Amino acid sequence: MTEPSQDDLRKLYAEAKTIAVVGCSSRSRWPKPSAVVPAYMQAHGFRIVPVNPHETEILGEPAVASLADLQEPVDVVDVFRPADEAPGIAQAAVDLGARYLWLQTGIVSEEARGIAEAGGLTVVMDQCIAITYADLGLGPAVPAWKAVQQEEAASCEVPTRAQE
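Residues numbered from 1 in each chain as written. Predicted model: local features only at pLDDT ≥ 70, side-chain atom pairs only at ≥ 80, totals over all residues. Heavy atoms only, no water.

Enquirer: Is there a simple way to think about the overall build of the protein chain in this case?
Expert: For the protein chain, the count of helices and strands is six helices and seven strands. Written out in order from the N terminus, the α and β elements of the protein chain read α-β-α-β-β-β-β-α-β-α-β-α-α. Counting across all 164 residues of the protein chain, residues that qualify as buried make up 48%. When the accessible area of the protein chain is evaluated, it comes to approximately 8200 Å², of which 50% is carbon and sulfur surface. (Helix = DSSP H or I, 4+ residues; strand = E, 2+ residues; numbered from the N terminus. Buried < 20%, exposed > 50% of the residue type's maximum accessible area, 1.4 Å probe, protein only. Areas by Shrake-Rupley, 256 points an atom, 1.4 Å probe, with all protein chains shown as cover.)

Written out as structure tokens, the structure reads:
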């Protein structure tokens with residue numbers, strides 16, 4: 001299947017209320033995209049459900065270890081994990097009853113796409129959910145994050161003010 005159109009993406013943003021972020025990072029990892037992007041989406045009215053087995057709370061929300069631990073419906077499963085983990089996450093998103101699977105910039109998995117689409121989910125791959133939101137004119141531009149996204153994930157960490 002083809003990637004969703006701009007109209008499809010506008011509909012996604014208009015309908016979605018809750019985003020489960022698999023691989024969500026705490027602010028201590030700022031400006032890592034997996035910390036910044038969920039904060040941006042939260043600031044624009046989306047409820048973020050952090051999915052990270054190493055955290056108990058992120059962005060003021062309780063973190064869960066996996067999608068299987070969620071006790072509430074989510075609209076979007078946003079993925080900040082390696083592509084080889086995407087098929088399992090896609091199946092968990094289908095099992096959860098999510099409507100959208102979003103694989104962040106640099107994450108491409110046709111196997112995950114097939115699983116998600118067979119389960120009725122709309123799939124977006126290799127795009128940043130926050131940059132796309134801004135590019136559609138739904139929020140302020142995020143040019144600094146575009147630059148960060150071009151770097152390797154390991155090089156995205158910078159010292160916090162306390163470390164300087």
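Having seen it, we continue.
Enquirer: Which parts of the structure should I look at to understand the nonpolar core?
Expert: Grouped burial of nonpolar side chains is what soluble globular proteins tend to show. In this structure, Tyr13, Ile19, Met41, Val76, Trp102 and Ile129 are the most contacted members of the largest nonpolar core, which totals 27 residues. Listing elements by their share of this core, those giving two or more residues are α1 (6–15), β1 (18–22), α2 (33–43), β6 (100–103) and α5 (129–135). The element best represented in this core is α5, accounting for five residues. Sequence-distant contacts of Val76, that is, excluding residues within four places in its chain, are made with Leu12, Ala16, Thr18, Ile19, Ala20, Tyr100, Trp102 and Ile129. Residues Ala20, Ala90, Leu101 and Leu121 belong to the second largest nonpolar core, which totals 23 residues. (Core = buried A, V, L, I, M, F, W, Y, C linked by side-chain atoms within 4.5 Å. Contact = heavy atoms within 4.5 Å.)

Enquirer: What am I meant to see in the pairing of β6 here?
Expert: Each regular strand displays side chains that alternate between the two surfaces of the sheet. The alternating pattern of β6 places Tyr100 and Trp102 and Leu101 and Leu103 on opposite faces, both of which are buried. Sheet topology note: the strand β5 (residues 76–79)/β6 ladder contains four bridges and is parallel. Bridge pairing in β6 places Val76 opposite Tyr100. Handedness of the crossover joining β5 and β6 through helix α3 (residues 86–96): right-handed. (Pairing = 2+ DSSP bridges. Right-handed = clockwise from strand over helix to strand, strands pointing away.)

Enquirer: What is the right way to look at the pattern of salt bridges in this model?
Expert: Pairing of side chains with opposite charge becomes possible as their charged atoms draw close. For the structure on display, the rule yields 10 salt bridges. The salt bridge partner of Arg113 is Glu3, with a shortest N-O separation of 2.6 Å. On the criterion of sequence distance, the pair formed by Arg113 in helix α4 (residues 110–118) and Glu3 in the segment before α1 is long-range, its members being 110 residues apart. By relative accessible area, Glu3 is classed as partly exposed at 30%. (Salt bridge = Lys/Arg side-chain N within 4 Å of Asp/Glu carboxyl O.)

Enquirer: Looking at this structure, how should I read unusual backbone geometry?
Expert: For residues other than glycine, phi is negative in most cases, and the peptide bonds are mostly trans. At Leu59, a position not held by glycine, the phi torsion is positive, near 55°. Checked against the element boundaries, Leu59 lands in the loop between β3 (57–58) and β4 (61–62).

Enquirer: How do you make sense of the environment of Leu138 when you look at a structure like this?
Expert: One can find Leu138 in the loop between α5 and α6 (143–150). Between the alpha carbons of Leu138 and Tyr13 there is a distance of 8.7 Å; along the sequence they are 125 residues apart. The contacts of Leu138, once residues within four sequence positions are left out, are Tyr13 and Tyr133.

Enquirer: Looking at this structure, how should I read the side chain of Thr132?
Expert: As for its position among the elements, Thr132 is in helix α5. Taking relative accessible area as the criterion, Thr132 reaches 8% and is therefore assigned buried. Within the structure, the side chain of Thr132 is placed 2.8 Å from the backbone oxygen of Cys128, a separation counted as a polar contact. Residues contacting Thr132, with those up to four places away along its chain left out, are Leu9, Tyr13, Trp102 and Gln127. (Polar contact = N/O pair within 3.5 Å; in protein donor to acceptor, adjacent residues only side chain to side chain.)

Note that all results are geometric; they support no functional claim without further evidence.
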